[in-house]
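# Coordinate analysis (summary)
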There are 2 protein chains.
Amino acid sequence: MRQAALCIIGSELVRGIIQDRHAKTLASDLTRLGYRVQEITIVPDDGSIVEVLDRLVSNVDLIITTGGLGPTSDDITRDAIARIYEVPLVLDPAARETLFEIVGDRLNEANLRQVMIPEGFTVIPNTQGTAPGFCRSGEIYTLPGPPKEMLAMWHGAILPDLIRLLGDGTLEERLELSVFLTPESQLEEACALAVQMTSAQFDQPLSQMPLWGTRVQLYRISLYLQGSTAVLREQVFHTLEGLLGPSRVREGDRELVDDLYLQLQQKGLTVAGAESCTGGLAAKLLTDRPGSSQHIWGSMVTYAYEAKERVLKVSHETLEQEGAVSASCVDQMAEGVLRLSGCDVSFSISGIAGPSGGSEQKPVGTVWFAFASPEHGTQHVCLSFRPFSRDSVRRRAAVSAILLLEQYIIGENLLDIVSQWQYI
Amino acid sequence: MRQAALCIIGSELVRGIIQDRHAKTLASDLTRLGYRVQEITIVPDDGSIVEVLDRLVSNVDLIITTGGLGPTSDDITRDAIARIYEVPLVLDPAARETLFEIVGDRLNEANLRQVMIPEGFTVIPNTQGTAPGFCRSGEIYTLPGPPKEMLAMWHGAILPDLIRLLGDGTLEERLELSVFLTPESQLEEACALAVQMTSAQFDQPLSQMPLWGTRVQLYRISLYLQGSTAVLREQVFHTLEGLLGPSRVREGDRELVDDLYLQLQQKGLTVAGAESCTGGLAAKLLTDRPGSSQHIWGSMVTYAYEAKERVLKVSHETLEQEGAVSASCVDQMAEGVLRLSGCDVSFSISGIAGPSGGSEQKPVGTVWFAFASPEHGTQHVCLSFRPFSRDSVRRRAAVSAILLLEQYIIGENLLDIVSQWQYI
């Protein structure tokens, strides 16, 4: 695998005055081209770059530098490059011409420094500013720091050059997955296991298997299976599906509610909810999408016992005898809001988010769910979440309600589904 | 000048999957403490850190590392540090105890790696996650990568330690503030202005004024005024209060609902809500606190027109003629839920979260609020949020409802309040 490194130069960056954004853009594009970005170094405009480049030129195949090309005396990137590559700086007549067109008679000594290019390097014209970049194609590219200038050159000149040099077939193929309701550390375990199992099943050495990477988001984890072959990537995906259980890992960049919405749209359904421990979070997630009022009627957040009785007609006896965290209560909540709303489908959630309020029978993390509709009747299930924190129990409960609602609409047996859910 | 370096470890960073934000925060704080940040290096979770640290330990006075402390096999920072400092890794019993409290019986081999600490290093407890950090005070600090964990340790343990070591007593003094409903860039502007104004008013040079730093959280920004004198810090605070308007900046580390809860507890009140565009987010925030069912009855998330009519008895004519985003609708929503719940106080929210659905009269970002109670009658106000995104309009609307509810309970005139709110 080709190695690359980024040098981001700017005193405002190391002083924490401005936020660097170049590194992410460049690293992401280089990764997609199949480079392994080995290091990103941010240094001030003080000559440190010489030492950094000195180290990198012998260690990596490709170097990209940004910044330090301005006309002021502390912009010393061009001198550093010339020194490292042991060539003199020479005035580039075409670049001088272009600069003259921009600056006109105000062209001065300082400006002229900007068109001094290390001998043997190719000039990269700057369509957005005064400082041109320069490169040794495929080896080192030196770009100005201002984002508009840098990005125009990166997309317009450098990416095309790199893609041309790499030729066909070197772009790294990958499979993007979306994972729900799975703590990061559990997903890592599951991925390692899925890769091992697939490698054994297909009699492939582990070194030939896809690599994986994750990006944790608020209500899901994006998972990438990269390299290897399409068949093996697909197989690892299916093994992982088997390990986590149904509907928790999906192909593509899927938001939590995307597949539920497909069902709601296809079947033209309206949904109402009744929430206790999640306090409205399920409804919030369901209405994250613009235009959701077409399918989402609303949700009755009945946090107090009294609200469950008054709005949803949960019986006083149930609450007294079995409590709000019970099959009977969530059944009545789901059926109550179905009647109240006149919707096609309803869901309900009631559980113990903690940190207190748990008991031996109903520890913190116990959450009951029910779903009701004329078509599929009433179904309830109970999940026991690891009680990492109140917030995390509430989040996983709301996510579960949405995943289970989708399965309920499809007509699945929810007990079957949750019995296959591992690592929640 | 003391030299510092930052090592940011994370494979997702060098692959351009996530954007680093640690570097700016740490560099900014270190610069303010008088350090010169000589280098920021971002490397993957693959052992590269050994080489980087090897180079840095002899070149700089202070090293901060973040990332690579998780339980997975590629999190190898602790091994690297032990190797560089030529000490063994030893199990820290206190850290193991804390981890056991969080993870319980599910404590496994991978988890246990997290409490192996290089011998002679001091453990830095992690109040937000499972991986503790460790340090040699004033020399090297090793922190986990997740922002919530890293920032809590940085502000809670490391900054105080560094300030203590620097021995500049005045730097140590600070005033902590909590800021609500203010975009970060606007807060920076407001702080700069407040410092300038106070400096002019007290005839003090800018160099003698307090420094400020911010930490952006999901529903608030923590703001620190540091150094200078107590009088000037207080004055900057009051000037800032004047600039942002009432109840948006408060002394101390205050959660969004803390002051509202003080009111509810003091007066023994129960609250019910009626939400449209926020889709349950206000109720979710109100129930983030354990034990909230004592004061929070619930919230009727009436997303569809029909739900507003059926549950809250909003009149069909109002919805037809004035629409759901109107004074008349929010009045009826608040009064409807007050009747339905029998609570002491109610609130309602209805607005246009976007991205579509706006008009010339009611652009995206227009949100109406009403509050009702037998004691204070019904009051409504309208806010126009900058329509950064659907999510951001919804978040600011929910936060506003909570801040306004508190003011309503106190008996303030809400029109007076919102007319003084700048930069929303």
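Check the entry above for the structure.
Read on for an overview of the structure.

Criteria and cut-off values
Residues numbered from 1 in each chain as written. Chains lettered and ligands numbered in written order. Predicted model: local features only at pLDDT ≥ 70, side-chain atom pairs only at ≥ 80, totals over all residues. Heavy atoms only, no water. Buried < 20%, exposed > 50% of the residue type's maximum accessible area, 1.4 Å probe, protein only. Helix = DSSP H or I, 4+ residues; strand = E, 2+ residues; numbered from the N terminus. Pairing = 2+ DSSP bridges. Contact = heavy atoms within 4.5 Å. Axes fitted to C-alpha atoms, helices over the stretch in contact; angles between N-to-C directions. Buried area = accessible area lost by both parts, 1.4 Å probe. Salt bridge = Lys/Arg side-chain N within 4 Å of Asp/Glu carboxyl O. Disulfide = S-S within 2.5 Å. Lys, Arg positive; Asp, Glu negative; His and termini not counted. Polar contact = N/O pair within 3.5 Å; in protein donor to acceptor, adjacent residues only side chain to side chain. Parallel < 35°, antiparallel > 145°, perpendicular 65-115°, else oblique. Nonpolar A, V, L, I, M, F, W, Y, C, P; charged D, E, K, R; others polar. Core = buried A, V, L, I, M, F, W, Y, C linked by side-chain atoms within 4.5 Å. Expected span 1.5 Å × (residues − 1). Arc of directions from axis to C-beta.

### Observations concerning the pairing of strand S3 (residues 62-66) of chain A
Residues and elements named next belong to chain A. The buried fraction of S3 amounts to 5 of the 5 residues, a majority that puts the element mostly inside the structure. Alternating positions in S3 separate into two faces, Leu62, Ile64 and Thr66 on one and Ile63 and Thr65 on the other, with burial throughout. When strand S1 (residues 3-9) meets S3, the two strands line up parallel, connected through 5 bridges. When the sheet's bridge partners are listed, leucine 6 is paired in S3 with isoleucine 64. As defined by bridge partners, S3 adjoins strand S8 (residues 140-143) across 4 bridges and the pair is classed as parallel. Counted as the bridge partner of isoleucine 64 is tyrosine 141 from S8.

### A word on the side chain of Thr239(A)
Residues and elements named next belong to chain A. Secondary-structure assignment places threonine 239 in helix H9 (residues 230-244). The exposure class of threonine 239 is buried, given its relative accessible area of 11%. Threonine 239 has contacts with Ala194, Met197 and Thr198, leaving out every residue within four places of it along the chain.

### So, the sheet that holds strand S9 (residues 174-179) of chain A
All names here are of chain A. The sheet built from 4 strands is open, its strands ordered S10-S11-S9-S12 with antiparallel pairing. At either end of the open sheet lies a strand with only one pairing partner, and these are strand S10 (211-216) and strand S12 (249-251). Taking each pair of neighbouring strands and ignoring which way they run, the sheet shows an average axis angle of 25°. Taken together, the 6 bridges between S9 and strand S11 (residues 221-226) define a ladder with antiparallel strand orientation. If you follow glutamate 176 over to S11, its bridge partner there is tyrosine 224.

### Examining the interface of chain B and chain A
Listed as interface residues are 66 residues of chain B and, on the opposing side, 71 residues of chain A. Across the interface of chain B and chain A, roughly 5,300 Å² is buried in total on both sides, 53% from carbon and sulfur atoms. At the junction of chain B with chain A, the criterion picks out 6 salt bridges. In this structure, Arg394(B) engages Asp288(A) in a salt bridge whose closest nitrogen and oxygen atoms are separated by 3.0 Å.

### Concerning the state of the cysteines
The bond known as a disulfide is covalent and runs between the sulfur atoms of two cysteines. Overall, the coordinates contain 0 disulfides over all chains when judged by the stated rule. Cys277(A) supplies the cysteine sulfur nearest to Cys329(A), a cysteine that is in no disulfide, at a spacing of 11 Å. Residue Cys329(A) is classed as buried on the basis of its relative accessible area of 0%. With no disulfide of its own, Cys7(B) has Cys7(A) as its nearest cysteine by sulfur position, at a separation of 15 Å. Given a relative accessible area of 0%, Cys7(B) falls into the buried group.

### Remarks on unusual backbone geometry
For the peptide bond that leads from Gly354(A) to Pro355(A), omega is 5°, which places it in the cis range. Secondary-structure assignment places Pro355(A) in the loop between strand S15 (345-351) and strand S16 (366-372). For Lys313(A), which is not glycine, the phi torsion reads 60° and is therefore positive. Here Lys313(A) is to be found in the loop between helix H12 (305-312) and helix H13 (316-321). You can call Lys313(A) exposed: its relative accessible area is 56%. Positioned with a positive phi, Leu181(B) is a non-glycine residue whose angle comes to about 65°. Within the fold, Leu181(B) resides in the loop between strand S9 (174-179) and helix H9 (184-201). Looking at Leu181(B), the relative accessible area reads 6%, which means it is buried.

### Things to note about the side chain of Arg390(A)
Tracing the backbone through its elements, the reader meets Arg390(A) in helix H15 (residues 390-410). Put simply, Arg390(A) is tucked away with no salt bridge, and the nearest opposite charge, on Asp288(B), sits 5.9 Å away. At a separation of 2.8 Å, a polar atom in the side chain of Arg390(A) contacts the side chain of Tyr303(A).

### What to know about the packing of helix H14 (residues 327-341) of chain A against helix H13 (residues 305-312) of chain B
One can describe the packing of H14(A) onto H13(B) by two numbers: an axis separation of 10 Å at closest approach and a directional angle of 105°. The orientation of H14(A) with respect to H13(B), classified from their angle, is roughly perpendicular. Touching Arg339(A), Leu340(A) and Ser341(A) of H14(A) are Glu306(B), Arg310(B) and Val311(B), all from H13(B). Class assignment of the residues belonging to the contact of H14(A) with H13(B) gives a composition of 2 nonpolar, 1 polar and 3 charged.

### A look at the sheet that holds strand S10 (residues 211-216) of chain B
Residues and elements named next belong to chain B. What the 4 strands build is an open sheet, ordered S10-S11-S9-S12; its pairing is antiparallel. Only two strands of the sheet have a single partner each, and these edge strands are S10 and strand S12 (249-251). Adjacent strand axes in the sheet meet at a mean angle of 25°, parallel and antiparallel pairs treated alike. Inspection of the sheet shows S9 paired to S12 by 3 bridges, in the antiparallel sense.

### Overview of the nonpolar core
Grouped together as the largest cluster of nonpolar side chains are 55 residues, with contacts concentrated most on Leu6(A), Leu30(A), Trp154(A), Leu6(B), Leu30(B) and Trp154(B). By residue number, the principal contributor to this core is helix H7 (residues 147-166) of chain B, which donates 8 residues. Excluding anything up to four places from it in sequence, Trp154(B) contacts Leu26(B), Asp29(B), Leu30(B), Ile64(B), Leu143(B), Leu159(B), Pro160(B) and Leu162(B).

### Considerations on H9(A)
Residue and element names in this part refer to chain A. The terminal C-alpha atoms of H9, which comprises 15 residues, lie 21 Å apart, in line with the 21 Å expected from a rise of 1.5 Å per residue. Among the residues of H9, Leu232, Arg233, Val236, Phe237, Thr239, Leu240, Leu243 and Leu244 are the ones counted as buried. Looking straight down H9, one finds its buried side chains confined to an arc of 165°; they lie on one side. Across H9 from its buried face, at more than 90 degrees, point the exposed residues Val231 and Gly242. For H9, the elements touching its buried residues are S9, helix H8 (184-201), S11 and S12. Glycine 245 lies just past H9 and shows a positive phi near 100°.

### Comments concerning helix H2 (residues 22-32) of chain A
Burial within H2(A) is extensive, with 8 of its 11 residues counted as buried. Every buried residue of H2(A) is listed here: His22(A), Ala23(A), Leu26(A), Ala27(A), Ser28(A), Asp29(A), Leu30(A) and Thr31(A). Where H2(A) is buried, its residues meet S1, strand S2 (36-43), S3, helix H7 (147-166) and S11 of chain A together with helix H1 (11-14) of chain B. At the exit of H2(A) stands Gly34(A), carrying a positive phi of roughly 100°.

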